[in-house]
Amino acid sequence: MATPEWFEAEVDDEEEFSVREYDITAVPNDFNIRTIYDFVDSGVVSIPGFQRNYVWDIRRASKLIESLIIGLPIPQIFLYEESRNKFSVIDGQQRLMSIYYFKKKRFPREDKRPALRKIIEQTGTIPSEVLANDDYFTNFNLQLHASLPGQVNRFNKLNYDTLSDDQAQFDLRTVRNVVIRQNSPNDDDDSSIYEIFNRLNSGGINLTPQEIRVSLYHSRFYAMLDKLNQLDAWRTLIGLQEPDLHAKDVEILLRSFAMLWYSSEYRPSMTRFLNLCSRRFKSVGEDDIAYCERLFISFIAACAQLDDKAFISTQTNRFSISTFEAVFVAVAEEAFRNRELIVRPIDLQNLDALKADPQFVKATLTSTASSANVALRKSRAKELL
């Protein structure tokens, strides 16, 4: 994947070369379509709205359904066992949701899928009144071409109800589901699910670490980060009008809060640290989430006197994630400790002095994820700001 032009590339060196051994249980289960649908509809398998928007068009979804009706095998689905009777999808979101939508006889309109994602984020499901709303959905009637010219595909334009004799056959078709459970190492970031997700998705469209992270650890805290990511002042500060396609801007927010909360516990790699923090943020209460939102907004206000190049590196002419992270933590740390808001504006001259400081510059250009450089950046930022 090409590096976006607007931010400095950072290499998490220790993650690139880390190899871990896992003890995982991978149990294959041939669930029939009716069971798969019931799992999703009841919430046993969470609707994976936080991975990516549903991206298949109705023709591709129709081909999957046709394959199931006539008994052709489809690729297996990977599920992660979070707890008893609670699973998340590692791989197979598009197939799973195509089955779900066909059974519901409704297909999501392309322009409404981002809005649907937000609804799922808020409710954990798709409410019946939304499914019935023609602004969000159209009827799911199969759109299938005949295999030969002049012929008619007998399933074309049928829906679940009009399958007639084929309905029971469809419901009883089985799909291989591989259920993954990590036995060891007994770490807090469920590293095996991250690694499996990463490797399963390395063949087609590669997912960034943050895209995988959003899939696995989405929470009310993440919803707050998404909200902050929409702020006009934040978008101006990072110099990107629209949210980044691969969620790098959300990762910057996550990383800043992770360092604010847990910098004393930081150990490389940055990827594993952010995974661990993302998991911890799932248990943060509403009051703390609301406070963090207000704190960040007060930080943005403290940046009001800075120009739009404030966090652009003079060495690379790109947005410096390391600089922003260090400044945010240095400025917000005392307020965070006292559960207050930031009231003093950031001085541009002090920030320029920090960006020109030889020690700080070196710590932002090489081995950026090392413990020593993370600590050094924070220390110099506190001294000079």
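Note that the structure is predicted; figures quoted are calculated from it, not measured.

Things to note about the overall build of the chain
Here's step 1: Across its full length, the chain holds 18 helices and 6 strands.
Here's step 2: Within the chain, contacts between residues separated by at least 24 positions form 75% of all contacts whose residues are at least 6 apart in sequence.
Here's step 3: Working note: accessible area of the chain is about 19,000 Å², and carbon and sulfur atoms make up 48% of it.

A few points about unusual backbone geometry
Here's step 1: Note the cis peptide between Pro-268 and Ser-269, where omega equals 5°.
Here's step 2: Along the chain, Ser-269 falls in the loop between helix H12 (248-262) and helix H13 (270-281).
Here's step 3: Although it is not a glycine, Lys-105 adopts a positive phi angle of roughly 65°.
Here's step 4: Within the element layout of this structure, Lys-105 appears in the loop between helix H4 (93-104) and strand E4 (106-108).
Here's step 5: A positive phi angle, close to 55°, is found at Ser-164, a residue other than glycine.
Here's step 6: Looking at the secondary structure, you find Ser-164 in the loop between strand E5 (137-139) and helix H7 (165-172).

Examining the environment of Thr-366
Here's step 1: Position of Thr-366 relative to the elements: it lies in the loop between helix H17 (358-365) and helix H18 (371-384).
Here's step 2: Under the relative-accessibility criterion, Thr-366 is labelled partly exposed at 42%.
Here's step 3: When the C-alpha positions of Thr-366 and Glu-10 are compared, they lie 8.7 Å apart, and in sequence the two are 356 residues distant.

Considerations on the confidence of the model for the chain
Here's step 1: In this model, the chain carries a mean pLDDT of 86, and residues with pLDDT of at least 70 account for 86%.
Here's step 2: A low-confidence stretch, residues 14-19 stays under pLDDT 50, and its non-local contacts, those more than four residues away or across chains, total 6 contacts.

Remarks on the side chain of Asp-357
Here's step 1: If you trace the backbone, Asp-357 turns up in the loop between helix H16 (348-356) and H17.
Here's step 2: A distance of 3.0 Å separates the side chain of Asp-357 from the backbone nitrogen of Phe-360, its partner in a polar contact.
Here's step 3: A distance of 2.8 Å separates polar atoms of two side chains, one belonging to Asp-357 and the other to Arg-380.
Here's step 4: If sequence neighbours within four positions are ignored, Asp-357 has contacts with Arg-380 and Leu-384.

Some thoughts on empty space enclosed by the protein
Here's step 1: What the rule picks out here adds up to 4 cavities of 30 Å³ or more.
Here's step 2: Among the elements that make up the lining of the second largest cavity, the one with the highest residue count is H17 (3 residues).

Description of H16
Here's step 1: Turning to H16, its buried residues are Leu-351, Leu-354 and Lys-355. Summarising the axial view, the buried residues of H16 lie within an arc of 95°, below the 170-degree limit, and thus occupy one face. Summarising the geometry of H16, the exposed residues directed more than 90 degrees from the buried face are Gln-349 and Ala-356.
Here's step 2: Check the buried side of H16 and you find it contacts helix H15 (321-337), H17 and H18.

Rules used throughout
Residues numbered from 1 in each chain as written. Predicted model: local features only at pLDDT ≥ 70, side-chain atom pairs only at ≥ 80, totals over all residues. Heavy atoms only, no water. Helix = DSSP H or I, 4+ residues; strand = E, 2+ residues; numbered from the N terminus. Contact = heavy atoms within 4.5 Å. Areas by Shrake-Rupley, 256 points an atom, 1.4 Å probe, with all protein chains shown as cover. Buried < 20%, exposed > 50% of the residue type's maximum accessible area, 1.4 Å probe, protein only. pLDDT = per-residue confidence, 0-100. Polar contact = N/O pair within 3.5 Å; in protein donor to acceptor, adjacent residues only side chain to side chain. 1 Å grid on protein atoms, 1.4 Å probe; cavity = no way out; pocket = protein on both sides within 12 Å on 5 of 7 lines; lining within 4 Å. Points joined across faces, edges and corners; volume = space filled by probe spheres on them. Arc of directions from axis to C-beta.

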